[in-house]
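Listed here are the chains, written in short residue letters.
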Amino acid sequence: MNCRFVVLSGWLAMLCAGQPFTPTNPAALAGRRWREQHERAIVDEFVSLLAIPNIASDQVNIKRNAEAIAAMLRKRGVEAKLVAAPNANPVVFGQIKTPAATRTIVFYAHYDGQPLDPKEWASPPFTPTLRDKQFEKDGQIIPLPAPGARFNPEWRLYARGAADDKAPIIAILAALDAIRAAGIQSKSNIKFAFEGEEEAGSVNLERTLAANKELFSGDVWLMCDGPVHQTRRPLILFGARAGTRVDVTLYGARGELHSGHYGNWSPNPALALAKLLASMKDDNGRVLVEHFYDDVAPLSPLEKRAMEEAPDIDGDLMREFGLGSTEGGGKKLTELITLPSLNIRGMASSRIGAQASNVIPATATATMDVRLVKGMDPQRTAHQILDHIRKQGFFIVTAAPNAEERRTHPKIAMVNTSGDKTATRTPMDLPISQEVIRVVESARGPAVKLPNMGGGLPLLDIESPLNTRTIVIPIGNHDNNQHSYNENLRLQNLWEGIELMAALLTM
Ligand SMILES: [Zn+2]
């Protein structure tokens, strides 16, 4: 067996390739012992929560999710309640007061999931389904093993929210059971804040927290969301990007024209859109919108070092995703997600394939997401993009052009931008950051530490009203298909999540 010794938070630990790490953290060990004896009960509770549909717009079922989670907390003696701003989905709040504790740690997760089209799923998204491996690798549906029987850690549970983001809630609940059973006390006050509209942009979170500052106050919020590192090693992220949405529609004639009778004469908005989009990025994927990168806050030396120490995963990911090349001019994925991005989410014009007809389209539309990093202002970035579109000769409107506008402007673009979130990063050298790193590594072994995650989280919606810090602690498997169809959780990630949460609950 290929093993090596490492020093983790002052403990000598042995690391063996392919072998699960043996925690040096007693609470994490208690978490493993508890899990080994309660796998079926843990999965049953998980299945019961996953079976409740959780799309944010479905307020009836969202409420059922929130009440179910509050009941699961109360069952463990945790004081729990639903907190909701007017017309908002409830935040499930819970707390454990620790006598003589001098700090408070808040655990955040979200119980809502991304909207979906059930037709795209191999099994119904709200009928949790166990498979013996990944569906893409011909994973077969299998029954839950009998109580007392063990689960194969490579089995996967398929359902919306399995990884994003009900898994951390279940991991926290099982960890609470484990530390209770082992008689291990928390040294901090512990609070839980489980949100119900993260996938809908957390539009009410800031005002819900601002209206309940005392209740949600804490020294640090641990954001339990997202996937661990692609090497399956634990990952700690000290920030997130923020998203702005840009919708662009270009116009040709008032209606579709016959391409034979009017080709070469009537402008084609589909081609114009292709050219406009191509003008926004170079062949390496670098954004060509002027001043786009001006406000990017530089990485600190510690952030740079952490990024450089992260394992090189590009080759493996290219193989896994079937990519023959990547953007970024040779830069690694780990570095590229610390930079802002401009992504075409989708585009459409007239019809294609069997539905296509010999016409010049009347419109062409693209929707983009722009990911901002710390230092960037969403309004300023939106203006830079509008300026870029103007520089391509377009007259910009925010609603479909009227006859006068069509007559006076040869090139018209309807552009709407939305999203006012700004990005943030928590300094890695803060005492709380260093302590979280120590605890994570005592539970899960050497962690990959990155300045920010590529995706978005409502970090500033939390930090601003509560004057606190956020650190992202993911547990999901990177190949979980989150936001898409056949979302799943690898059971080993849940098991390791329980150990990690046990350690963090007792720090
Ligand atoms: Zn999420």
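No experiment lies behind these values; they were computed from the predicted model shown.

Engineer: Which residues make up the overall build of the chain, and what values do they have?
Structural biologist: Of regular secondary structure, the chain possesses 15 helices and 22 strands. Looking at the chain residue by residue over its 507 residues, the buried ones come to 53%. For the chain, the proportion of contacts with a sequence separation of at least 24, taken over those separated by at least 6, is 77%. As presented, the chain carries roughly 22400 Å² of accessible surface, and 53% of it is formed by carbon and sulfur atoms. The averaged location of the 56 negative side-chain charges in the chain is 1 Å from the averaged location of its 56 positive side-chain charges.

Engineer: I'd love a proper account of unusual backbone geometry, names of residues and values included.
Structural biologist: Despite not being glycine, S202 shows a phi value in the positive range, around 50°. Classification of S202 by relative accessible area gives buried; the value is 2%. Despite not being glycine, S350 has its phi angle at roughly 45°, a positive value. Relative to the helices and strands, S350 is located in the loop between β13 (341-348) and β14 (359-360). Using a relative accessible area of 31% as the deciding quantity, one classes S350 as partly exposed.

Engineer: Summarise the coordination of the zinc ion; cite the residues concerned and give the values.
Structural biologist: Around the zinc ion, the protein supplies H110 (NE2), D164 (OD), D225 (OD) and D225 (OD) as donor atoms, at distances of 1.9 to 2.6 Å. Coordination at the zinc ion is irregular: its 4 donor atoms span angles of 51 to 133° at the metal. Donor residues binding the zinc ion come from one chain and are separated in sequence as H-x53-D-x60-D. With a gap of 115 residues between them, H110 in strand β5 (residues 104-110) and D225 in the loop between β9 (220-223) and β10 (235-237) connect regions that are remote in the sequence. Residue classification places H110 among the buried residues on the basis of a relative accessible area of 0%. Judged by its relative accessible area of 5%, D225 is buried.

Engineer: Can you explain the nonpolar core? Please cite residues and give values.
Structural biologist: Of all hydrophobic cores here, the largest spans 73 residues; its most connected members are L73, F107, F192, F194, I473, M501 and L504. Ignoring sequence-local partners within four residues, the contact set of I473 consists of L222, M223, C224, D225, L235, I236, V436, V440, L500, M501 and L504. One finds V248, L277, M280 and V287 within the second-largest nonpolar core, a separate group that totals 26 residues.

Engineer: Tell me what's going on with the packing of helix α2 (residues 59-74) against helix α3 (residues 166-182), and back it up with residues and numbers.
Structural biologist: Two numbers describe how α2 lies on α3: the axes approach to 11 Å, and their chain directions differ by 15°. The angle between α2 and α3 falls in the class roughly parallel. Seen from above, α2 lies across α3 with left-handed handedness. The segment α2 lies against α3, with N65, I69, M72 and L73 engaging K166, I169, L173 and L176. Considering only residue class, the contact of α2 with α3 consists of 6 nonpolar, 1 polar and 1 charged.

Engineer: Which residues make up the environment of E290, and what values go with them?
Structural biologist: Position of E290 relative to the elements: it lies in the loop between α7 (269-278) and α8 (301-309). Distance in space between the C-alpha atoms of E290 and E195 is 37 Å, their sequence separation being 95 residues. Excluding residues within four positions of it along the chain, E290 makes contact with Q384 and K391.

Engineer: Give me the lowdown on the side chain of N65, citing residues and values where you can.
Structural biologist: In this structure, N65 sits in helix α2. Of the residues examined, N65 reaches a relative accessible area of 0% and is grouped as buried. A polar atom in the side chain of N65 sits 2.9 Å from the backbone oxygen of P53.

Engineer: Would you mind going over the domain arrangement of the chain in detail, with residue names and values included?
Structural biologist: Under the domain assignment, the chain is made up of domain 1 (24-240 + 423-505) and domain 2 (242-296 + 339-418). Computed over C-alpha atoms, the centres of domain 1 and domain 2 are 38 Å apart. Its largest share of buried area at the contact with domain 2, domain 1 owes to A423, R425 and G456, together 69% of the area lost on that side. Here domain 1 and domain 2 share 0 residue pairs in polar contact (both at pLDDT 80 or more) between them. Mapped onto the side of domain 1 that touches domain 2, the elements with two or more residues apiece are β18 (424-425) and β20 (453-456). If one sorts the elements of the side of domain 1 that touches domain 2 by residue count, β20 sits on top with 3 residues.

Rules and cut-offs
Residues numbered from 1 in each chain as written. Predicted model: local features only at pLDDT ≥ 70, side-chain atom pairs only at ≥ 80, totals over all residues. Heavy atoms only, no water. Helix = DSSP H or I, 4+ residues; strand = E, 2+ residues; numbered from the N terminus. Buried < 20%, exposed > 50% of the residue type's maximum accessible area, 1.4 Å probe, protein only. Contact = heavy atoms within 4.5 Å. Areas by Shrake-Rupley, 256 points an atom, 1.4 Å probe, with all protein chains shown as cover. Lys, Arg positive; Asp, Glu negative; His and termini not counted. Charge placed at Lys NZ, Arg CZ, Asp CG, Glu CD. Donors = N, O, S within 2.8 Å, 3.2 Å for Na, K, Ca; no water. Tetrahedral: all angles 85-135°; square planar, octahedral: opposite > 155°, others 65-115°. Core = buried A, V, L, I, M, F, W, Y, C linked by side-chain atoms within 4.5 Å. Axes fitted to C-alpha atoms, helices over the stretch in contact; angles between N-to-C directions. Parallel < 35°, antiparallel > 145°, perpendicular 65-115°, else oblique. Left-handed = near helix turned anticlockwise from the far one by under 90°. Nonpolar A, V, L, I, M, F, W, Y, C, P; charged D, E, K, R; others polar. Polar contact = N/O pair within 3.5 Å; in protein donor to acceptor, adjacent residues only side chain to side chain. Domains from an automatic or database assignment. Buried area = accessible area lost by both parts, 1.4 Å probe.

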